[in-house]
Amino acid sequence: ILNRHGIDVSGFETTKLEETLEEDTLVLVMTDVLKQKVRNEHKEFVNLYTLNEFVKETEEVPNIYGQPLEIYEEKYGLIQNYIGKLSQFLNMFEKK
């Protein structure tokens, strides 16, 4: 799906959550279930939000793992919209 939209993830690597975060790091997850799991495992994270919660939207990004590609494509638009809002918000803090 990402390749169809011109996004190259060939250099992407995952890392363990605890290896990359400080307690004040902004942590964004897709679902409330994942948020609760992270909260249970990392009570020290004070800036933990779902993506939709952080960008002040009501529709949560659903867990679509294992669904047909059409569902991934459909939810790509939702995620793209939320990431655009996140980008605008974060760019307000860019040093000039």
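Structure shown above.
Residues numbered from 1 in each chain as written. Predicted model: local features only at pLDDT ≥ 70, side-chain atom pairs only at ≥ 80, totals over all residues. Heavy atoms only, no water.

Draft legend 1. Region of the structure containing the nonpolar core. In terms of nonpolar packing, the biggest core is built from 7 residues, these being Leu 51, Phe 54, Val 55, Val 61, Leu 78, Tyr 82 and Leu 86. Of all the secondary-structure elements, those providing two or more residues to this core are helix H3 (51-54) and helix H4 (69-91). No other element matches the 3 residues that H4 contributes to this core. Contact partners of Leu 86, with chain neighbours within four places excluded, come to Leu 28, Leu 51, Phe 54 and Val 55. Membership of the second largest hydrophobic core comes to 6 residues, among which are Leu 21, Val 27, Val 29 and Leu 48. (Core = buried A, V, L, I, M, F, W, Y, C linked by side-chain atoms within 4.5 Å. Buried < 20%, exposed > 50% of the residue type's maximum accessible area, 1.4 Å probe, protein only. Helix = DSSP H or I, 4+ residues; strand = E, 2+ residues; numbered from the N terminus. Contact = heavy atoms within 4.5 Å.)

Draft legend 2. How the structure looks around the layout of surface pockets. Looking at the largest pocket, its volume works out to about 590 Å³. Lining the largest pocket are 18 residues, with Met 30, Val 61, Ile 64, Tyr 72 and Ile 79 positioned closest to its centre. Elements with a minimum of two residues in the lining of the largest pocket: helix H2 (32-41) and H4. Residue contributions to the lining of the largest pocket peak at 6 residues, all from H4. (1 Å grid on protein atoms, 1.4 Å probe; cavity = no way out; pocket = protein on both sides within 12 Å on 5 of 7 lines; lining within 4 Å. Points joined across faces, edges and corners; volume = space filled by probe spheres on them.)

Draft legend 3. Local environment of a negative patch on the surface. Taken together, Glu 22, Glu 23, Asp 24 and Glu 44 make up a surface patch of like negative charges. Inspection of the secondary structure assignment puts Asp 24 in the loop between helix H1 (17-20) and strand S1 (27-29). (Patch = residues over 30% accessible without salt bridge, like charges linked within 9 Å, V, L, I, M, F, W, Y side chains within 5 Å. Areas by Shrake-Rupley, 256 points an atom, 1.4 Å probe, with all protein chains shown as cover. Salt bridge = Lys/Arg side-chain N within 4 Å of Asp/Glu carboxyl O. Lys, Arg positive; Asp, Glu negative; His and termini not counted. Charge placed at Lys NZ, Arg CZ, Asp CG, Glu CD.)

Draft legend 4. Representation of the packing of aromatic side chains. Overall, the coordinates contain 3 aromatic pairs when judged by the stated rule. Between Phe 54 and Phe 89, the aromatic rings sit 5.3 Å apart at their centres with planes inclined by 85°, giving edge-to-face as the arrangement. Remark: Phe 89 occurs in helix H4 and Phe 54 occurs in helix H3; sequence separation between them is 35 residues. Given the relative accessible area of 34%, Phe 89 is considered partly exposed. Considering the side-chain rings of Phe 89 and Phe 93, the 5.2 Å spacing of their centres and the 70° angle between planes classify their relative orientation as edge-to-face. By the ring-pair criterion, three or more aromatic residues cluster together here, those being Tyr 49, Phe 54, Phe 89 and Phe 93. (Phe/Tyr/Trp six-rings, centres within 6.5 Å; stacked < 30°, edge-to-face > 60°.)

Draft legend 5. Highlighting a nonpolar patch on the surface. Taken together, the side chains of Leu 26, Phe 89, Leu 90, Met 92 and Phe 93 present a nonpolar region at the surface, about 490 Å² in accessible area. Mapped onto the fold, Phe 93 is located in the segment after H4.

Draft legend 6. Geometry of the environment of Phe 45. Checked against the element boundaries, Phe 45 lands in the loop between H2 and strand S2 (48-50). Residues Phe 45 and Leu 26, 19 residues apart in the sequence, show an inter-C-alpha distance of 8.2 Å. Residues in contact with Phe 45, not counting those within four places in the same chain, are Leu 17, Leu 21, Glu 22, Glu 23, Val 27, Val 38 and Arg 39.

Draft legend 7. Representation of the side chain of Lys 35 in the model. Looking at the element boundaries, Lys 35 is found in helix H2. Overall, Lys 35 belongs to the buried group, its relative accessible area being 17%. Side chain to side chain, Lys 35 and Glu 53 meet in a polar contact 2.9 Å long. (Polar contact = N/O pair within 3.5 Å; in protein donor to acceptor, adjacent residues only side chain to side chain.)

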